[in-house]
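Take a look at the letters that make up each chain.
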Amino acid sequence: MNEPANEPAATALRTVSHDLPITPEFERFMAGGWAATPLPGDIRLPVADLAAARRAKLSARFPGERLLVPAGELTVRSNDCDHRFRPHSAYAWLTGLTGEEQAGHVLVMEPDGPRGHEAVLHLRPRSPRVGEEFYRDRRYGEFWVGRRPDLAEAERMTGIRCTALGSLPPGRDASTDAELASVLSELRLVKDAWEVEQLQLAVDHTAAGFEDVVRALPRALAHPRGERWIEGVFGLRARAEGNGTGYETIAASGAHACVLHWIRNDGPLNPDELLLLDAGVETDTLYTADITRTLPLSGRFSPVQRQVYELVLAAQEAGIAALKPGASFRDFHRAGMRVIAEGLADWGVLADAEGDFHRRYTLCSSGHMLGLDVHDCAQARADAYLDGVLEEGQVLTVEPGLYLQPDDETLPPELRGIGVRIEDDLVITAEGARLMSGALPRTPDAIEAWMGELLAG
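Below: a short report on this structure.

What to know about the sheet that holds strand β17 (residues 433–435)
On the basis of which strands lie adjacent, the open sheet formed by 3 strands has the order β13-β16-β17 and antiparallel pairing. Each end of this open sheet is capped by a strand with a single partner; those strands are β13 (395–398) and β17. On average, each strand axis in the sheet is tilted by 35° relative to the strand beside it, whichever way the strands run. Relative to β17, strand β16 (residues 424–428) runs antiparallel, the two sharing 3 bridges. Note that in β17 the partner of Leu426 across the bridge is Leu435.

Have a look at this one:
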């Protein structure tokens, strides 16, 4: 990363003690000689009309009230370097705007009498070619972070009236107002056809990333931090095909797979162990997949690994079979956990399948809604989500797992340190559910054959 030569003096901007001042002559020189570079005429977002319909649904829920939906602010990673910016999901859903340049922007829904609300985007316009912002502002200047649309261009893109960012009027703020945040989550529970297409695209790219990982296993096995190698391989696919990963990749080998959110990914790979890979590509429109496969690093499951894997697979099959419109959201988890509990009892790990003692080895729920967020619609009220019923158009994951901790003395030694999760993405249909991630094998035999083909190719 290049070190900036100088820094504007505005109070909102960082300053660096060794920055050099600029002369009036240089400022005048920088102010001239720039060609016009307008964006092309046909820049309307493909999702603009859908976003307008979404705003109308929100408007109907809060008649006469001003609503503020911020994109969010830049966050410092270290000193003068920010984290890569991603707009808040509600803002992206209502505007269609998903780029890094949206930091600080706010959608305001202004009460508009019988018409409900008028949407107004409060944006930071394109850097002017006079003054210092465009070449000295390392956070927002065009020469530092790239071009933003001007206000007219932003209006053509979104179909929303745009105004320069300044002081905002008071109103319900989605960042702080719990009711508004809940409604925004609940409105996103059922996906439209375009959203399902975007999620399928994310799933397809993720499947390609899993294939990349298998092909890379020989090099990963040879590296002292093979988990990092796996993470990097998948991350390359995610950045090449989309916006990046939808969440931090879990590349957990051996007993690390018993840590639900293992993202350190700093361990070696042992060919006698399993690799639990939980990863998802996020599209440029910010929809993410969320898939987990547990793979034998040798290419073949050992008998005990297969035993654990087949129980988890049976639990997932039971969960998938419970998916249909009108079913309780919790039904698929209950179905899968019944299979897990009975299996643990058959193994002699539990005295019987009754009660909740199986939770020692499963730890968490078996799935969640999926969309713009990996754990989508999380602010929805319980009666609309966790205690609600499934509807056609909802997209969710089914992901039972067994996490047999390496120090758990209730387990026979041969089971300790094995972690298995199988996670797939499904869309609820009128008939039941469609498996979106079926391109990736799930049965032990199919996984072994798939890995063999990829490693031989």
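Points about the nonpolar core
Counting 94 residues, the largest nonpolar core has Leu58, Leu107, Ile230 and Leu402 as its most contacted members. Among the elements that make up this core, the one with the highest residue count is helix α8 (residues 193–215) (9 residues). One finds Ile320, Cys377, Ala380 and Ile428 within the second-largest nonpolar core, a separate group that totals 15 residues.

Concerning the pattern of salt bridges
Taken as a whole and assessed by the stated rule, the structure comprises 40 salt bridges. Between Arg66 and Glu110 there is a salt bridge, and its shortest N-O distance comes to 2.9 Å. Remark: Glu110 occurs in strand β4 (residues 106–111) and Arg66 occurs in the loop between α2 (48–61) and β1 (67–70); sequence separation between them is 44 residues. What makes Arg66 partly exposed here is its relative accessible area of 27%. With its nearest N and O atoms 3.0 Å apart, the salt bridge here joins Arg84 to Glu100. Of this pair, Arg84 sits in the loop between β3 (81–82) and α3 (89–95) while Glu100 sits in the loop between α3 and β4; the two residues are 16 residues apart in sequence, bridging distant segments of the chain. For Glu100, a relative accessible area of 40% corresponds to the partly exposed category. Among the charged side chains, a salt-bridge network with shared partners connects Glu211, Asp212, Arg215, Arg237 and Glu241.

Rules used in this analysis
Residues numbered from 1 in each chain as written. Predicted model: local features only at pLDDT ≥ 70, side-chain atom pairs only at ≥ 80, totals over all residues. Heavy atoms only, no water. Pairing = 2+ DSSP bridges. Helix = DSSP H or I, 4+ residues; strand = E, 2+ residues; numbered from the N terminus. Axes fitted to C-alpha atoms, helices over the stretch in contact; angles between N-to-C directions. Core = buried A, V, L, I, M, F, W, Y, C linked by side-chain atoms within 4.5 Å. Buried < 20%, exposed > 50% of the residue type's maximum accessible area, 1.4 Å probe, protein only. Salt bridge = Lys/Arg side-chain N within 4 Å of Asp/Glu carboxyl O.

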